[in-house]
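Architecture at a glance
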Amino acid sequence: MLAGSVYLFIKDELEKYNGNYLEIGIWDGSGISFLAEKYPGRTLYAIDPFIDDGNTTHVSGVEKGGELTRIREIALKSISNFENIILHEIKSEDFKHDGNLNVSFVFIDGDHSLEACVNDYKLAMSLIGKKAGAVVFDDVQT
């Protein structure tokens, strides 16, 4: 749901890192699709359960905790042409990995609560590990 200029920034920053990309919260899929087109040799992972966190009810028309069915359909259509996007339709706290995803850049734009952002940051750091990497947040609600 971010402006295209943010994804231009991320596209340029990705040049600095060799690893793959993870986006937590893809909204309509347009941003990650833009990046997938620019980086066809990388795997772009996405985590999104398509549940409204209360910050998008004014746009989605869905109450906090409700399923974002229409947004999910748009996202699935947006990413359908990209073999390098792997979507996990789960909450980020339920995401399990073996450490072999080679992620070096994480964009966190999912559940905006402080608790969720802390959990997402911990996930990001576990994926990046000791290699060079970056984590970017959309925003955090306290």
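Residues numbered from 1 in each chain as written. Predicted model: local features only at pLDDT ≥ 70, side-chain atom pairs only at ≥ 80, totals over all residues. Heavy atoms only, no water.

Here we look at the environment of Asn-102
Our working rule: Secondary structure counts use DSSP, requiring at least four H or I residues in a row for a helix and at least two E residues in a row for a strand, with both numbered from the N terminus. Relative accessible area decides the class of each residue, using a 1.4 Å probe on protein chains only: under 20% of the type maximum gives buried, over 50% gives exposed, and in between gives partly exposed. Contact definition: two residues touch when any of their heavy atoms are within 4.5 Å.
Its location among the elements puts Asn-102 in the loop between strand S3 (85-88) and strand S4 (103-108). On the basis of relative accessible area, Asn-102 is assigned to the partly exposed category, the value being 39%. Along the chain, Asn-102 and Leu-22 lie 80 residues apart, while their C-alpha atoms are 10.0 Å from each other. Other than its neighbours up to four places away in sequence, Asn-102 contacts Asn-18, Gly-19, Asn-20 and Lys-131.

A short note on the pairing of strand S5 (residues 134-137)
The cut-off we apply is this: Pairing between two strands requires that DSSP report at least two bridges joining them. Convention used here: a crossover is right-handed provided that the path from the first strand, over the helix, to the second strand proceeds clockwise when the strands point away from the viewer.
Going residue by residue along S5, you find Ala-134 and Val-136 tucked away on one face and Val-135 and Phe-137 left uncovered on the opposite face. Examined bridge by bridge, S4 and S5 share 4 bridges and lie parallel to one another. Paired with Phe-107 across the two strands is Val-136, which belongs to S5. Each parallel crossover has a hand, and the one from S4 via helix H5 (residues 114-128) to S5 is right-handed.

Overview of unusual backbone geometry
Within the chain, Trp-27 stands out as a residue other than glycine whose phi angle is a positive 50°. A positive phi angle is found at Phe-50, which is not glycine, with a value near 55°.

Quick word on the pairing of strand S1 (residues 20-24)
Burial runs high along S1: 5 of the 5 residues are buried. Residues Asn-20, Leu-22 and Ile-24 line one face of S1 and the alternating positions Tyr-21 and Glu-23 line the opposite face, and both faces are buried. In the sheet, S1 pairs with S4 via 5 bridges, with the strands oriented parallel. The residue bridging Tyr-21 from the neighbouring strand is Phe-105, located in S4. Bridge count between S1 and strand S2 (residues 44-47): 4 bridges; the pairing is parallel. Residue pairing across strands places Tyr-21 opposite Leu-44, the latter belonging to S2. The β-α-β motif built from S1, the intervening helix H2 (residues 30-38) and the parallel element S2 has right-handed crossover chirality.

Quick notes on the packing of aromatic side chains
The relation between two aromatic rings is expressed through the spacing of the ring centres and the mutual angle of the planes. Rules: Pairing of aromatic side chains here covers Phe, Tyr and the six-membered ring of Trp, requires ring centres within 6.5 Å, and sorts the geometry by plane angle: under 30 degrees stacked, over 60 edge-to-face, intermediate tilted.
For the structure shown, the criterion picks out 4 aromatic pairs. Aromatic side chains Tyr-21 and Phe-105 sit 5.9 Å apart centroid to centroid with 20° between the ring planes, which places their arrangement in the stacked category. Placement of the pair is Tyr-21 in strand S1 and Phe-105 in strand S4, with a sequence separation of 84 residues. Note on accessibility: Tyr-21 and Phe-105 belong to one class, buried. Every member of this aromatic cluster is reached through a ring pair, and the members are Tyr-17, Tyr-21 and Phe-105.

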